[in-house]
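# Report on the structure
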Amino acid sequence: MNDYSWLWDWPAHVPNLLPGLAVAVLLTAVSCLIGYPLGFLLALLSDARSRGVRWLAIGIVEIGRGVPALVLLYLVYRGLPQIGVLLDALPAAIVAFTLTAAAYSAEMIRASIAAIPRGQSDAADALGLGGVDRFRFVILPQAARVSIPPLVTLTITMFHITSLASVITVAEIMHAAYLSGAISWRYMSVYIAAAFVYAVIAIPGAILAGRLERRLAGGRRPRRRGGRSRATPVVRPDRPQEPAGRIESVSV
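Rules behind the numbers
Residues numbered from 1 in each chain as written. Predicted model: local features only at pLDDT ≥ 70, side-chain atom pairs only at ≥ 80, totals over all residues. Heavy atoms only, no water. Helix = DSSP H or I, 4+ residues; strand = E, 2+ residues; numbered from the N terminus. Buried < 20%, exposed > 50% of the residue type's maximum accessible area, 1.4 Å probe, protein only. Contact = heavy atoms within 4.5 Å. Areas by Shrake-Rupley, 256 points an atom, 1.4 Å probe, with all protein chains shown as cover. Salt bridge = Lys/Arg side-chain N within 4 Å of Asp/Glu carboxyl O. pLDDT = per-residue confidence, 0-100. Core = buried A, V, L, I, M, F, W, Y, C linked by side-chain atoms within 4.5 Å. Axes fitted to C-alpha atoms, helices over the stretch in contact; angles between N-to-C directions. Parallel < 35°, antiparallel > 145°, perpendicular 65-115°, else oblique. Left-handed = near helix turned anticlockwise from the far one by under 90°. Nonpolar A, V, L, I, M, F, W, Y, C, P; charged D, E, K, R; others polar.

## Structural notes on the overall build of the protein
Counting its regular elements, the protein contains nine helices and zero strands. A total of 252 residues make up the protein; the buried ones form 36% of that total. Sequence-distant contacts, at least 24 apart, represent 70% of the contacts inside the protein between residues at least 6 apart. When the accessible surface of the protein is split by element, carbon and sulfur atoms take 65% of a total near 14500 Å².

This is the structure we're talking about:
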């Protein structure tokens, strides 16, 4: 006889998954907080003048993007002990997911920097800005606007990827769901509850990413009623240049 009680009893399993949610959020936060700065460094090194440095950075990025996160997880947790490096399950998951986050974020950041029009750099040179100042005050702020929405989306993806950590017994959402299902034999109810927990985090995150993309498109904020548009200072090569050392500010 078919049992359809899972249609209404799945909410009762949600509290059992909340400790796993805390672990999943921790995994996501640590992996992204370490992985994104590392990705930024790799993005810069992938355009380095030194061929050796450039190809090393590109190799790390391509390996991180080309190897599935699950394989990286097994390599770190089960492979490294063969060469004398032994990590517990949670640190191993952080290392593997950090490599994944760094590789994907590096490509996003590199593409965002490359998307800045060449005229911005030329105008900065005309204003007398050096290489570091040009990148810091002109290129980087505009590249950040381009890269923030995809990085938010990547963060959501990394939250989903934390479900893979259950295979090495990290006590995240899916591991908690498996244990709860094994005790109650209500697998349909438990996994629907797990899907609900993931959706509660991921769907608002996707909405946030969409709003950020619309808000930051073109480097401008929407015009406010009764006021003028707001934007951070950018170089405008299509307008008369001001004295060297100053960057024209769009009306605030």
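## Considerations on the pattern of salt bridges
In this structure the tally under the stated criterion is two salt bridges. Notably, a salt bridge pairs Glu 62 with Arg 65, separated by 3.4 Å at the nearest N-O pair. With Glu 62 and Arg 65 both in helix 3 (residues 51–66) and three residues apart, the pair spans about one turn of that helix. Given a relative accessible area of 41%, Glu 62 falls into the partly exposed group. Taking the shortest distance from any N to any O, the salt bridge between Glu 107 and Arg 110 comes out at 2.9 Å. Separated by three residues within a single helix, Glu 107 and Arg 110 lie in helix 5 (residues 89–114), roughly one turn from each other. The exposure class of Glu 107 is partly exposed, given its relative accessible area of 22%.

## What to know about the confidence of the model for the protein
Mean pLDDT over the protein stands at 80; residues scoring 70 or higher make up 77%. Per-residue pLDDT, averaged within each element of the protein, yields its smallest value for helix 1 (residues 6–9) (63) and its largest for helix 4 (residues 69–79) (94). Here residues 226–252 scores under 50 on pLDDT; set against residues more than four positions off or in separate chains, the count is 52 contacts.

## Some words on the nonpolar core
In terms of nonpolar packing, the biggest core is built from 21 residues, with Leu 27, Ala 93, Phe 97, Met 158, Ile 168 and Val 170 touching the most fellow members. When residues of this core are traced back to their parent elements, those giving at least two are helix 2 (14–45), helix 4, helix 5 and helix 7 (131–161). At seven residues, helix 5 tops the list of elements feeding residues into this core. Formed by 13 residues, the second largest nonpolar core is a distinct cluster that contains Ala 176, Val 190, Ala 193 and Val 197.

## Points about the packing of helix 2 against helix 5
Interhelical geometry of helix 2 versus helix 5 gives an angle of 45 degrees and a closest axis separation of 6 Å. In this view, helix 2 runs oblique relative to helix 5, as classed from their interaxial angle. Where helix 2 crosses over helix 5, the two elements pack in a sense that is right-handed. Of the residues that constitute the contact of helix 2 with helix 5, the class distribution is 20 nonpolar, five polar and one charged.

## Concerning the packing of helix 8 (residues 173–184) against helix 9 (residues 187–216)
The interhelical angle for the contact between helix 8 and helix 9, taken along N-to-C directions, is 160 degrees, at an axis separation of 8 Å. By the angle between their axes, helix 8 is roughly antiparallel relative to helix 9. Between helix 8 and helix 9 lies a crossing whose hand is right-handed. Of the residues in helix 9, those touching helix 8 at Ile 173, Met 174, Ala 177, Tyr 178, Ser 180, Gly 181, Ala 182 and Ser 184 are Tyr 187, Val 190, Tyr 191, Ala 194, Val 197 and Tyr 198.

## Points about the environment of Arg 65
The partly exposed category is assigned to Arg 65, whose relative accessible area is 32%. It is 9.2 Å that separates the C-alpha atoms of Arg 65 and Glu 107, two residues lying 42 residues apart in sequence. Contacts of Arg 65, omitting those with residues within four sequence positions, involve Ala 103, Tyr 104 and Glu 107.

## Here we look at the side chain of Thr 100
Here Thr 100 is to be found in helix 5. Setting aside chain neighbours within four positions, we find Thr 100 in contact with Ala 69, Leu 72, Met 158 and Ile 161.

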